[in-house]
Amino acid sequence: MEQLYAILACIILGLLAIFQLALVAGAPIGRFAWGGQHEVLPRKLRIGSIVSILLYVLFGYTALAKAGLVPALISQPFTDVFMWVLTAYFTLGVGMNAISRSKPERLVMTPVALVLAVLFLLLSLG
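Residues numbered from 1 in each chain as written. Predicted model: local features only at pLDDT ≥ 70, side-chain atom pairs only at ≥ 80, totals over all residues. Heavy atoms only, no water.

Peer 1: Tell me about the packing of helix α3 (residues 76-98) against helix α4 (residues 103-125), and name the residues and values.
Peer 2: Axis angle and axis distance: for two packed helices, these are the angle between their axes and the distance between the axes, and together they describe the pair. For the pair α3 and α4, interaxial distance at closest approach is 8 Å and the crossing angle is 160°. Here α4 runs roughly antiparallel to α3, going by the angle between their axes. Our pair here, α3 against α4, has a crossing hand that is left-handed. Broken down by class, the residue content of the contact of α3 with α4 amounts to 15 nonpolar, 6 polar and 2 charged. (Axes fitted to C-alpha atoms, helices over the stretch in contact; angles between N-to-C directions. Helix = DSSP H or I, 4+ residues; strand = E, 2+ residues; numbered from the N terminus. Parallel < 35°, antiparallel > 145°, perpendicular 65-115°, else oblique. Left-handed = near helix turned anticlockwise from the far one by under 90°. Nonpolar A, V, L, I, M, F, W, Y, C, P; charged D, E, K, R; others polar.)

Following this line, the structure appears as structure tokens:
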């Protein structure tokens, strides 16, 4: 099951990366991200979206390493601890998205963060 959880997490992270790339490119979908204050993101938030994409790659790789699909970057104990950190990160993301002033962000990103939190929890427990 761990492999399935990791693959599902990577699919969701990949979709989020595509979403962030669209934001970087100037797509008018900013109401779904970064608090929803900008339809088209300003330069600083576009840079934040680029950083998010890089982090998603790291998060996905970590999930795959935890499931034994790729080698651990540093060590398996480090991967195990980092998985718990990511579980906490996505759990915090549920709350942060749930209190967003942007209704579209609340409605879309809260469930996405919840699914990621659950998947990373299941991987962490495995």
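Text resumes after the structure shown.
Peer 1: Quick one: what's the story with helix α1 (residues 2-24), residue by residue and with numbers?
Peer 2: Spanning 23 residues, α1 covers 32 Å between terminal C-alpha atoms, matching the ideal 33 Å at 1.5 Å per step. When α1 is considered as a whole, its buried residues turn out to be Tyr5, Ala6, Ala9, Ile12, Leu13, Leu16, Ala17, Phe19, Gln20 and Leu23. Check the buried side of α1 and you find it contacts α2 (43-66), α3 and α4. Of the residues flanking the end of α1, it is Gly26, one or two places downstream, whose phi is positive at about 95°. (Expected span 1.5 Å × (residues − 1). Buried < 20%, exposed > 50% of the residue type's maximum accessible area, 1.4 Å probe, protein only. Contact = heavy atoms within 4.5 Å.)

Peer 1: Which residues make up the layout of surface pockets, and what are the values?
Peer 2: Computed from the structure, the largest pocket encloses a volume of approximately 610 Å³. Along the walls of the largest pocket sit 25 residues, with Tyr56, Tyr89, Gly93, Asn97 and Glu105 positioned nearest its centre. Among the secondary structure elements, those contributing two or more residues to the lining of the largest pocket are α1, α2, α3 and α4. It is α3 that provides the largest number of residues to the lining of the largest pocket, a total of 6 residues. (1 Å grid on protein atoms, 1.4 Å probe; cavity = no way out; pocket = protein on both sides within 12 Å on 5 of 7 lines; lining within 4 Å. Points joined across faces, edges and corners; volume = space filled by probe spheres on them.)

Peer 1: How would you summarise the packing of α1 against α4 if you had to cite specific residues and measurements?
Peer 2: Where α1 contacts α4, the axes come no closer than 9 Å and their chain directions differ by 150°. Taken together, the axes of α1 and α4 are roughly antiparallel relative to one another. The two elements α1 and α4 meet at a crossing, and its hand is left-handed. Two secondary-structure elements touch here, α1 through Glu2, Tyr5, Ala6, Leu8, Ala9, Ile12, Leu13, Leu16 and Phe19 and α4 through Met109, Val112, Val115, Leu116, Leu119, Phe120, Leu122 and Leu123. Partitioned by chemical class, the residues of the contact of α1 with α4 number 16 nonpolar, no polar and 1 charged.

Peer 1: Explain unusual backbone geometry to me, and be specific about the residues and the numbers.
Peer 2: Backbone geometry places Trp34, a non-glycine residue, at a positive phi of 55°. Among the secondary structure elements, Trp34 is positioned in the loop between α1 and α2.

Peer 1: I'd like a description of a nonpolar patch on the surface, backed by residues and values.
Peer 2: Residues Met1, Leu4, Ile7, Leu8, Ile11, Leu15, Ile18 and Leu69 make up a contiguous nonpolar surface patch of roughly 770 Å² in combined accessible area. Looking at where Ile11 falls in the secondary structure, it is placed in helix α1. You can call Ile11 partly exposed: its relative accessible area is 46%. (Patch = residues over 30% accessible without salt bridge, like charges linked within 9 Å, V, L, I, M, F, W, Y side chains within 5 Å. Areas by Shrake-Rupley, 256 points an atom, 1.4 Å probe, with all protein chains shown as cover. Salt bridge = Lys/Arg side-chain N within 4 Å of Asp/Glu carboxyl O.)

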